[in-house]
Amino acid sequence: MSNPYQPAGQGPSPYITTPLPNARPRMFGSTLAKVVWILLPLVTIGIGAAIPFVVATVKGVIKPWVAITYVVVEVAVLGIATAVDSDGDNSFTGLLLILLIATSATHTALLDNEKVTIGK
């Protein structure tokens, strides 16, 4: 179907001179902002692992179920870490915290990646 108001054989309208906006908003405004957001789970030792995903949900970068999943997993990991008896040689809680920090930092780095479409 052709545009009846535009003569045949011409390309797009000459009045559109600006590039079209992206389909979805961006999470990071600069490289420095990206580095700071990626370091957040590491610096807070896992306590702030879900914060980048909550902010990304508010900005409209990802769907809410991703942030809810991160909040639930963070509460579960921190709950298990405090509930496990710490007087023995138990490295399970440390492993859980390291996995939470690494996973959160990696997924934060992928928030603006166009190739990743899950949860966006």
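Before any of the text, the structure's been laid out above.
Residues numbered from 1 in each chain as written. Predicted model: local features only at pLDDT ≥ 70, side-chain atom pairs only at ≥ 80, totals over all residues. Heavy atoms only, no water.

Asker: Is there a simple way to think about the packing of aromatic side chains in this case?
Answerer: For any pair of aromatic rings, the description consists of the separation of the ring centres together with the inter-plane angle of the planes. Scanning all chains against the criterion turns up 1 aromatic pair. Where F53 meets Y70, the ring centres are 4.0 Å apart and the plane angle is 10°; that geometry is what we call stacked. Separated by 17 residues along the polypeptide, F53 in helix 2 (residues 51-59) and Y70 in helix 3 (residues 64-83) bring together distant segments of the chain. No difference in accessibility class separates F53 from Y70, as the two residues are buried. (Phe/Tyr/Trp six-rings, centres within 6.5 Å; stacked < 30°, edge-to-face > 60°. Helix = DSSP H or I, 4+ residues; strand = E, 2+ residues; numbered from the N terminus. Buried < 20%, exposed > 50% of the residue type's maximum accessible area, 1.4 Å probe, protein only.)

Asker: Quick question: what am I supposed to make of the packing of helix 3 against helix 4 (residues 92-109) here?
Answerer: Packed helix pairs are specified by the crossing angle of their axes together with the interaxial distance, meaning the distance between the axes. The N-to-C vectors of helix 3 and helix 4 enclose an angle of 160°; their axes lie 9 Å apart at closest approach. When the axes of helix 3 and helix 4 are compared, the pair comes out roughly antiparallel. Crossing of helix 3 against helix 4: the hand is left-handed. Across from Y70, V73, E74, V77, L78, I80 and A81 in helix 3, the residues of helix 4 making contact are F92, T93, L96, L97, L100, T103, S104 and H107. When grouped by side-chain class, the residues that make up the contact of helix 3 with helix 4 number 10 nonpolar, 4 polar and 1 charged. (Axes fitted to C-alpha atoms, helices over the stretch in contact; angles between N-to-C directions. Parallel < 35°, antiparallel > 145°, perpendicular 65-115°, else oblique. Left-handed = near helix turned anticlockwise from the far one by under 90°. Contact = heavy atoms within 4.5 Å. Nonpolar A, V, L, I, M, F, W, Y, C, P; charged D, E, K, R; others polar.)

Asker: What's the story with helix 1 (residues 31-43) in this structure? I'm lost.
Answerer: Owing to its 3.6 residues per turn, the α-helix brings residues three or four apart onto one side. A rise of 1.5 Å per residue sets the reference length of helix 1, with its 13 residues, at 18 Å; its end C-alpha atoms lie 18 Å apart and thus fit the reference within 8%. Note on helix 1: the residue one or two positions beyond its end, I45, has a positive phi of about 55°. (Expected span 1.5 Å × (residues − 1).)

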